[in-house]
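In case you want the letters, here they are:
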Amino acid sequence: MTEETTSGFGRREILKLAAVAGATFAGAGVFAQASASAAEDGLSLKGKRIAISATGTDHYFDLQVYNAQIEEVKRLGGEPIAVDAGRNDGKLIAQLQTLVAQKPDALVQILGTLSVIDPWLRKARDAGIPVLTVDVGSTNSLNNTTSDNWGIGKDLALQLVSDIGGEGNIVVFNGFYGVTPCAIRYDQLVNVIKYFPKVKILQPELRDVIPNTVQDAFTQITAILNKYPEKGSIKAVWSGWDIPQLGATQAIAAAGRNEIRTYGVDGSPEVLQLVADPKSPAAADAAQQPAEIGRVAIRNVAKLLAGQTLPRETYVPALLANKENVGEITKKLGIG
């Protein structure tokens, strides 16, 4: 493998970009947590009923956001009305319909496919209920609390390109482009690799699924490995969240193809454990701070109801974990 790529970026330059990205993620995350509580003392939801609608809580990120929101509403003196649709779109629509009828003081929607939830977010807003969201890019949301998914997508892509030396075939899971954060992360991957013409996304792209995400990813990657049996024919597997990454990593290890590296987003503890294992194919995971995202969203509800003006989006920094810094990252996240 040569030191220079045809894009004009050398491997050393790519490594520098990835290293800077990781340091920026880590530093920003510490600052955000340190400053939030001091600046927001005095917020109250006393006497307020706050609806919390979760698309599902089977994934680490979703459960952390959901539980943190319930706790934060209670801490601020409010009454949480929390419901979980269990990844069932029909149930999600029904629970939003029920919440609108209950006329809470505000409604917070956690994730969801926009085409499914947006009509009901609009109905809530038309009914005079302030709507806020987590990871939902809806025009009916007064404020969306999320990670900087543009930064996540760019920095994870830079890490991947650096690790594979700016060339090689990569496998991509792209089953949830209708979910805004996944779409942004995917678009940023494409934006980065267009400057590295020797990096190719194998077609067709894979579609990750819910439920049985790990098992399905394992099966799909096993089939891909059988199709491309030569070592070096695949350099990496990318997914917009880290549960497909978990299944992909297991499949690669089972096939004895540990030269292939995997990449994902969220910071699920079981995936970070694999990143920490020097023998594991898991190379990097952009770890979000889901509990902090949940708390910040509820603080934004309190600010709004107190008459404050909110920005269109509130960003909570992510922490890019790789083989070199994963111990530090898991410690900062409180799961190390």
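Residues numbered from 1 in each chain as written. Predicted model: local features only at pLDDT ≥ 70, side-chain atom pairs only at ≥ 80, totals over all residues. Heavy atoms only, no water.

Further remarks concern the overall build of the protein. The helix and strand tally for the protein stands at 11 helices and 12 strands. Taken across its 336 residues, the protein has 55% of its residues classed as buried. The contacts in the protein between residues at least 6 apart in sequence include a share of 73% that link residues at least 24 apart. Accessible surface computed for the protein: about 14000 Å², of which carbon and sulfur atoms make up 54%. (Helix = DSSP H or I, 4+ residues; strand = E, 2+ residues; numbered from the N terminus. Buried < 20%, exposed > 50% of the residue type's maximum accessible area, 1.4 Å probe, protein only. Contact = heavy atoms within 4.5 Å. Areas by Shrake-Rupley, 256 points an atom, 1.4 Å probe, with all protein chains shown as cover.)

Okay, the sheet that holds strand E2 (residues 79-84) next. With parallel pairing, 6 strands are arranged side by side in an open sheet as E2-E1-E3-E4-E5-E11. Strand pairing shows two members of the sheet lacking a second neighbour, E2 and strand E11 (313-315), which therefore form its edges. Along the sheet, successive strands turn relative to each other by an average axial angle of 20°, direction set aside. Relative to E11, strand E5 (residues 143-146) runs parallel, the two sharing 3 bridges. The partner of Thr146 across the bridge, within E11, is Tyr315. Where helix H3 (residues 89-102) meets the sheet, it contacts strand E1 (49-54), E2 and strand E3 (106-110), and its direction lies at approximately 170° from that of E1. (Pairing = 2+ DSSP bridges. Axes fitted to C-alpha atoms, helices over the stretch in contact; angles between N-to-C directions.)

The subject of this paragraph is the sheet that holds strand E8 (residues 236-239). Taking strand neighbours across the sheet as the criterion, the 6 strands line up as E7-E6-E8-E9-E10-E12 in an open arrangement whose pairing is mixed. Every other strand in the sheet has two partners, leaving strand E7 (199-201) and strand E12 (319-322) as the edge strands with one partner each. Strand after strand, the sheet turns through a mean of 20° between neighbouring axes, direction not considered. One ladder, built from 3 bridges, connects E8 with strand E9 (residues 261-266); its direction is parallel. By the bridge assignment, Val237 is partnered in E9 with Thr262. The strands touched by helix H8 (residues 242-254) within the sheet are strand E6 (168-173), E8, E9 and strand E10 (282-287), with E9 carrying the most contacts at an inclination of about 160°. Of the strands in this sheet, E10 and E12 touch helix H11 (residues 326-333), which is tilted by about 140° from E12.

Model confidence for the protein is summarised by a mean pLDDT of 90, while 88% of its residues fall at 70 or above. Within the model, the stretch residues 1-9 combines pLDDT values under 50 with 20 contacts to residues more than four positions away or in other chains. (pLDDT = per-residue confidence, 0-100.)

Time to look at helix H5 (residues 149-163). Over its 15 residues, H5 runs 21 Å from end to end, which matches the ideal 21 Å to within 8%, given 1.5 Å per residue. Extensive coverage of H5 is indicated by the burial of 13 of its 15 residues. Just past H5, the residue Gly165 takes up positive phi, approximately 70°. (Expected span 1.5 Å × (residues − 1).)

When the terminal C-alpha atoms of helix H2 (residues 60-75) are compared, their 22 Å separation across 16 residues agrees well with the 22 Å that a helix rising 1.5 Å per residue should span. Against the buried residues of H2 lie E1, E2, E3, strand E4 (131-134), E9 and helix H10 (290-305).

Moving on: the pattern of salt bridges. The tally for this structure, following the rule as stated, stands at 9 salt bridges. Here the salt bridges do not stand alone but share partners, grouping Glu72, Arg75, Glu292, Arg295 and Arg299 into one network. (Salt bridge = Lys/Arg side-chain N within 4 Å of Asp/Glu carboxyl O.)

Bringing the nonpolar core into the picture now. Leu45, Ile50, Val108, Ile110, Val134, Ile298 and Val301 are the most contacted members of the largest nonpolar core, which totals 27 residues. Of all the elements in the fold, those that place two or more residues in this core are E1, H2, E3, E4 and H10. For this core, the element with the most residues is H10, which contributes 6 residues. Counting 25 residues, the second-largest nonpolar core is a separate cluster that includes Ile152, Leu156, Val161 and Val199. (Core = buried A, V, L, I, M, F, W, Y, C linked by side-chain atoms within 4.5 Å.)

So, about the packing of aromatic side chains. Considering all chains together, one arrives at 4 aromatic pairs under this definition. Ring centres 6.3 Å apart and planes at 85° place the aromatic pair Trp150 and Tyr315 in the edge-to-face group. Placement of the pair is Trp150 in helix H5 and Tyr315 in strand E11, with a sequence separation of 165 residues. A residue is classified by how much of its surface remains accessible, and Trp150, at 40% relative accessible area, is partly exposed. Relative accessible area serves as the criterion here: at 41%, Tyr315 is assigned to the partly exposed category. (Phe/Tyr/Trp six-rings, centres within 6.5 Å; stacked < 30°, edge-to-face > 60°.)

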